[in-house]
Amino acid sequence: MLRIGQGYDVHRLVEGRKLILGGVEIDYPLGLLGHSDADVLLHAISDALLGAAALGDIGKYFPDTDGKYCGADSLLLLKDVVNMLKDNGFKPVNIDATIIAQKPKMAPHIEKMRENIASVVGIDKEFINVKATTEEGLGFTGEELGIASTAICLIEK
């Protein structure tokens, strides 16, 4: 049985935080504000996987009201999500994700992001796609107020 899931996440850009996307720390003067490391890419992927398995969303399992997730590494949260899928008889088949950010440029970091995701999810990198786009200066991402990410995945039972 095959199932499809989709995910979305967004966080505000602020001073004094690291910018981490796909488990990669990117040299940039602003970072994403959030309870965990605020990795919007991994959060969108986690939500897509949970959604495909009809298991809810990451807020259900890693609430921002729980201190143990303060500053949490989203690669570890993604690993927990993959284990939840496994416990329910599912395994990821492929993931396609988009980072929406005016700056910084993502191209130099995408291969490492794909490697990180593939390693944690347990599928070959050839089944992980990460791409980036700007919004041509429009909206909150275009005005460099935040970064968003979308993801879609296929899982099988």
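Keep in mind the model is a prediction, meaning the values are calculated, not measured.

## Here's the deal with the environment of Ala97
And then number 1: Inspection of the secondary structure puts Ala97 in strand β5 (residues 91–100).
And then number 2: Separated by 34 residues in sequence, Ala97 and Lys131 place their C-alpha atoms 6.4 Å apart.
And then number 3: Excluding residues that lie within four positions of it along the chain, Ala97 makes contacts with Leu41, Ile45, Asn129, Val130, Lys131, Thr150 and Ala151.

## Some details on the sheet that holds strand β4 (residues 30–32)
And then number 1: Read across the open sheet, the 5 strands follow the order β4-β1-β7-β5-β6; overall the sheet is mixed. Each end of this open sheet is capped by a strand with a single partner; those strands are β4 and β6 (128–133). Across the sheet, the mean angle separating the axes of adjacent strands is 20° when strand polarity is ignored.
And then number 2: Direction of pairing for β5 relative to β6: parallel, over a ladder of 6 bridges. Within the sheet, the bridge partner assigned to Ala97 lies in β6 and is Val130.
And then number 3: Contacting β1 (2–15), β4, β5, β6 and β7 (146–156), helix α1 (residues 40–52) runs over the sheet at an angle of about 155° to β1.

## Quick look at a nonpolar patch on the surface
And then number 1: A surface patch of nonpolar side chains, amounting to about 340 Å² of accessible area, comprises Tyr8, Val10, Phe140 and Leu145.
And then number 2: Residue placement: Phe140 occurs in helix α5 (residues 139–142).
And then number 3: Phe140 gets classed as partly exposed once you look at its relative accessible area, which sits at 36%.

## Some thoughts on helix α3 (residues 74–87)
And then number 1: Taking 1.5 Å of rise per residue, the 14 residues of α3 would be expected to cover 20 Å, and the 20 Å separating its terminal C-alpha atoms lies within 8% of that figure.
And then number 2: Considered for burial, the residues of α3 that qualify are Ser74, Leu75, Leu77, Leu78, Val81, Val82, Met84 and Leu85. Relative to the axis of α3, the buried residues are bounded by an arc of 170° and lie together on one face. Turned more than 90 degrees away from the buried face of α3, the exposed residues are Leu76, Lys86 and Asp87.
And then number 3: Capping of α3 at its N-terminal end is provided by Asp73; its side-chain oxygen lies 2.8 Å from the backbone amide nitrogen of Leu75.
And then number 4: The first or second residue beyond α3 is Gly89, which carries a positive phi of 85°.

## Quick word on the pairing of β1
And then number 1: Where β1 and β7 come together, 11 bridges link them in antiparallel fashion. Its bridge partner lying in β7, Leu2 is registered against Glu156.
And then number 2: Of the strand pairs in this sheet, β1 and β4 are connected by 3 bridges, and their pairing is antiparallel. Note that in β4 the partner of Glu15 across the bridge is Leu30.

## Points about the side chain of Ser149
And then number 1: Turning to its location among the elements, Ser149 is positioned in strand β7.
And then number 2: Assessed through its relative accessible area of 0%, Ser149 is described here as buried.
And then number 3: Of the polar contacts made by the side chain of Ser149, one reaches the backbone oxygen of Thr98; its length is 2.9 Å.

## A closer look at the packing of aromatic side chains
And then number 1: Applying the stated rule across the entire model yields 2 aromatic pairs.
And then number 2: Considering the side-chain rings of Tyr61 and Phe62, the 6.5 Å spacing of their centres and the 55° angle between planes classify their relative orientation as tilted.
And then number 3: Residue Phe62 is classed as buried on the basis of its relative accessible area of 11%.
And then number 4: Ring centres of Phe62 and Tyr69 lie 5.3 Å apart, and the angle between their planes is 80°; on these two criteria the pair is classed as edge-to-face. Take Phe62 and Tyr69: they sit in the same class, and that class is buried.

Each value, and the rule that gives it
- Residues numbered from 1 in each chain as written.
- Predicted model: local features only at pLDDT ≥ 70, side-chain atom pairs only at ≥ 80, totals over all residues.
- Heavy atoms only, no water.
- Helix = DSSP H or I, 4+ residues; strand = E, 2+ residues; numbered from the N terminus.
- Contact = heavy atoms within 4.5 Å.
- Pairing = 2+ DSSP bridges.
- Axes fitted to C-alpha atoms, helices over the stretch in contact; angles between N-to-C directions.
- Patch = residues over 30% accessible without salt bridge, like charges linked within 9 Å, V, L, I, M, F, W, Y side chains within 5 Å.
- Areas by Shrake-Rupley, 256 points an atom, 1.4 Å probe, with all protein chains shown as cover.
- Salt bridge = Lys/Arg side-chain N within 4 Å of Asp/Glu carboxyl O.
- Buried < 20%, exposed > 50% of the residue type's maximum accessible area, 1.4 Å probe, protein only.
- Expected span 1.5 Å × (residues − 1).
- Arc of directions from axis to C-beta.
- Polar contact = N/O pair within 3.5 Å; in protein donor to acceptor, adjacent residues only side chain to side chain.
- Phe/Tyr/Trp six-rings, centres within 6.5 Å; stacked < 30°, edge-to-face > 60°.

No statement about biological role is implied by the geometric values presented.
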